Amino acid sequence: MARVLLLTALMLLLLRRAPGAGAQAVQDSKPEQPQDKVEVTAGQNLTLNCTTSRNSFIPGPVKWLKGWGTGNETIYDQTGVFPRVTRALIGSDTDFTIRIRDVRPEDAGTYYCVKFPKSLDGDEPFLRGKGTVVSVRAKPTRPVVSGPGRRQKPGQSVPFTCTAGGFFPKDITVKWLKDEAQISAQQPQITLGRTNSSYNMASTVTVTLQEHDVRSQLVCEVQHPMLTAPLRGTYQLRQALRVPPSIRLLPDPPSPVEVNKTVNFICHVKGFYPGDVTVTWLENGMQMKVEKISRPEERPSGLFELRSQLEVQATERKNGSVFTCRVVHDAQAPDDTKTTLRIVDPAREGLSGRSQTGNGVSVLSSPGLWLGILLEKGLLGGLLIFLFKRGRA
Ligand SMILES: *[C@@H]1O[C@H](CO)[C@@H](O)[C@H](O)[C@H]1NC(C)=O
Ligand SMILES: *[C@@H]1O[C@H](CO)[C@@H](O)[C@H](O)[C@H]1NC(C)=O
Ligand SMILES: *[C@@H]1O[C@H](CO)[C@@H](O)[C@H](O)[C@H]1NC(C)=O
């Protein structure tokens, strides 16, 4: 130990006295990194070479650092525990080559082989190799397609974005398909990832939604040199779509109802997506209790349909009542469809013209029919008289 200190002291003296010679000595004992650049595939092993001159007389440990200055990271030194790192030649005092197992994208960076000379005073002049730039070839992550924050109606142009990350090198191609047919998209945006070791990609496509897109699918296909087959991200367009229902209140047009008969109103809610719908009935603005609750049914088109029936006793009191079918689709504003109940009293109507209903009673008012009946009766009478007379004869 004393010898080491003595040597260091001598060395420092040398540096002070003869700057030229000293600088030369320092140059000679700098760790040698023969690799400028190394490219390695994620998951494989990385070898980083470093040698120091045999006749280096400066004592001190040799370490591997990743990065320099703030944010540097000790990759290997002779004392610590580094599970993924081993020395190629254990115990060598000139070869400090290391191997890093199972390389990850975040291992990318510049690696320095550094000699830390033991000095008497605090400020340590580092002897550092020129650095080896390591890049890690990595496949992109599975692409993810995202749509709008909320559902959009048919006819609207909606952007969809495909993202994938963690890939190296930068070369990536993105293809969009809608139901297996290619659609054009903007150039993908490629940015450096958080750790500066890999790239991220975002590609946007604009689709004008259609009603039938309830059954459509978007595909984002990513190709990269590290992939043997393209990666696909999918998006079901129905996730982005809201097709409002068309509503019809039957009977349409409304027809008058005979007093005390039952009338069935049907609210026909058609062609909507998603299937989330509630139908309520109101009588003169007051909510009614309905026993028959029908569920939305999915049609082959992928759109939903529902029929809600309301049975009403057409008492005279209900004449002129307004019935409303209120549809709330997918938490949107309610959509009201109204009809007015008209009640007719055949008995009373009969006194004043019997024009509306084609029942048996009103038919009797036809003179032609009366004539027909008279003729029929007359003929029958004649036949009876004829038969009677013949019987007596
Ligand atoms: C490495 O980082 C530490 C802490 O940020 C710093 O104190 C040290 O000087 C750095 N070393 C080198 C060689 O840059
Ligand atoms: C209808 O029903 C009510 C109560 O049941 C009865 O009072 C009324 O006479 C009925 N009207 C007709 C036209 O049948
Ligand atoms: C129902 O009201 C209409 C118009 O208000 C009227 O013409 C009709 O006679 C009424 N019917 C009955 C059965 O009262």
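Note: the structure precedes this text.
All of these numbers come straight from a predicted model, not from anything done at the bench.

A.B. asks: Help me out: how do you make sense of the overall build of the protein chain in this one?
C.D. replies: Scanning the protein chain from terminus to terminus reveals 5 helices and 27 strands. For the protein chain, the residues scored as buried account for 35% of the 393 residues in total. Considering only contacts within the protein chain whose residues lie at least 6 apart along the sequence, 65% involve residues at least 24 apart.

A.B. asks: Just to check I follow, could you spell out the pattern of salt bridges for this structure?
C.D. replies: Two side chains with opposite charge may pair up if their charged atoms get near one another. All told, the structure shown has 17 salt bridges when counted by the stated rule. With its nearest N and O atoms 3.0 Å apart, the salt bridge here joins Asp-107 to Arg-84. In this pair, Asp-107 sits in the loop between β6 (98-100) and β7 (109-115) while Arg-84 sits in the loop between β4 (73-76) and β5 (85-87), placing the two residues 23 residues apart along the sequence. Judged by its relative accessible area of 9%, Asp-107 falls in the buried class. Among the ionic pairs, Lys-178 bridges to Asp-213, the shortest N-O distance being 3.0 Å. Residue Lys-178 is located in strand β12 (residues 173-178), and its partner Asp-213 is located in the loop between β15 (199-208) and β16 (217-223); the two are separated by 35 residues in the primary sequence.

A.B. asks: What should I look at first to understand the site of ligand 1 in this one?
C.D. replies: Taken together, Leu-65, Trp-68, Gly-69 and Asn-72 are the residues near ligand 1. In this structure, Gly-69 approaches ligand 1 through a main-chain N or O atom, which is 2.8 Å from an oxygen atom. In the environment of ligand 1, an oxygen atom lies 2.2 Å from a nitrogen or oxygen atom belonging to the side chain of Asn-72. Taken by itself ligand 1 offers 360 Å² of open surface, and the protein chains cover 50% of this. Here the shell around ligand 1 is built from residues that sort into 2 nonpolar, 2 polar and no charged.

A.B. asks: When you look at the packing of aromatic side chains in this model, what are you seeing that I'm missing?
C.D. replies: For any pair of aromatic rings, geometry is given as the distance between the ring centres together with the angle between the planes. For the coordinates displayed, the defined rule picks out 8 aromatic pairs. Centre to centre, the rings of Phe-265 and Phe-323 are 5.2 Å apart; their planes meet at 35°, and the pair counts as tilted. Of this pair, Phe-265 sits in strand β20 (residues 262-272) while Phe-323 sits in strand β25 (residues 322-329), placing them 58 residues apart in sequence. Judged by its relative accessible area of 3%, Phe-265 is buried. Classification of Phe-323 by relative accessible area gives buried; the value is 0%. Following the ring pairs from residue to residue traces out a cluster consisting of Phe-167, Phe-168 and Tyr-199. One Lys or Arg, Lys-63, reaches over the ring of Phe-116 and ends 4.6 Å from the middle of that ring. We note Arg-128 situated over the ring of Trp-68; from NZ or CZ to the ring centre the distance is 4.6 Å.

A.B. asks: Help me understand the sheet that holds strand β24 (residues 304-313) in this model?
C.D. replies: Backbone-to-backbone hydrogen bonds pair the strands of a sheet. The strands run either parallel or antiparallel. The 4 strands lie next to each other as β18-β20-β24-β23, forming an open sheet whose pairing is antiparallel. This sheet does not close on itself; its edge strands, each paired only once, are β18 (246-250) and β23 (297-298). Bridge analysis of β18 against β20 gives 5 bridges, and the strand direction is antiparallel. Within β20, the residue paired with Leu-250 across the bridge is Ile-266.

A.B. asks: Is there a simple way to explain unusual backbone geometry in this structure?
C.D. replies: Trans peptide bonds make up most of the peptide bonds, and negative phi angles are found at most residues other than glycine. Cis geometry is adopted by the peptide bond preceding Pro-251, which originates at Leu-250 and carries an omega value of 0°. For the bond from Asp-252 to Pro-253, the omega torsion is 0°, close enough to zero to count as cis. As for its placement among the helices and strands, Pro-253 is situated in the loop between β18 and β19 (257-258). Unusually for a residue other than glycine, Asn-284 sits at a positive phi of about 50°. Among the secondary structure elements, Asn-284 is positioned in the loop between β21 (277-283) and β22 (286-287). Within the chain, Asp-330 stands out as a residue other than glycine whose phi angle is a positive 50°. Structurally, Asp-330 can be placed in the loop between β25 and β26 (335-340).

A.B. asks: Is there a simple way to explain the pairing of β21 in this structure?
C.D. replies: A regular strand places its side chains so that they alternate between the two faces of the sheet. Direction of pairing for β21 relative to β25: antiparallel, over a ladder of 7 bridges. Bridging across to β25, Thr-280 finds its partner in Arg-326. In this sheet, β22 lies alongside β21 in antiparallel orientation, the contact comprising 2 bridges. Bridging from a neighbouring strand, Glu-283 pairs with Met-286 of β22. Between the end of β21 and the start of β22, which pair antiparallel, lie 2 residues, with Asn-284 showing a positive phi angle near 50°.

What counts and how
- Residues numbered from 1 in each chain as written.
- Chains lettered and ligands numbered in written order.
- Predicted model: local features only at pLDDT ≥ 70, side-chain atom pairs only at ≥ 80, totals over all residues.
- Heavy atoms only, no water.
- Helix = DSSP H or I, 4+ residues; strand = E, 2+ residues; numbered from the N terminus.
- Buried < 20%, exposed > 50% of the residue type's maximum accessible area, 1.4 Å probe, protein only.
- Contact = heavy atoms within 4.5 Å.
- Salt bridge = Lys/Arg side-chain N within 4 Å of Asp/Glu carboxyl O.
- Near = heavy atom within 4 Å.
- Polar contact = N/O pair within 3.5 Å; in protein donor to acceptor, adjacent residues only side chain to side chain.
- Areas by Shrake-Rupley, 256 points an atom, 1.4 Å probe, with all protein chains shown as cover.
- Nonpolar A, V, L, I, M, F, W, Y, C, P; charged D, E, K, R; others polar.
- Phe/Tyr/Trp six-rings, centres within 6.5 Å; stacked < 30°, edge-to-face > 60°.
- Lys NZ or Arg CZ within 6 Å of the ring centre and 35° of its normal.
- Pairing = 2+ DSSP bridges.

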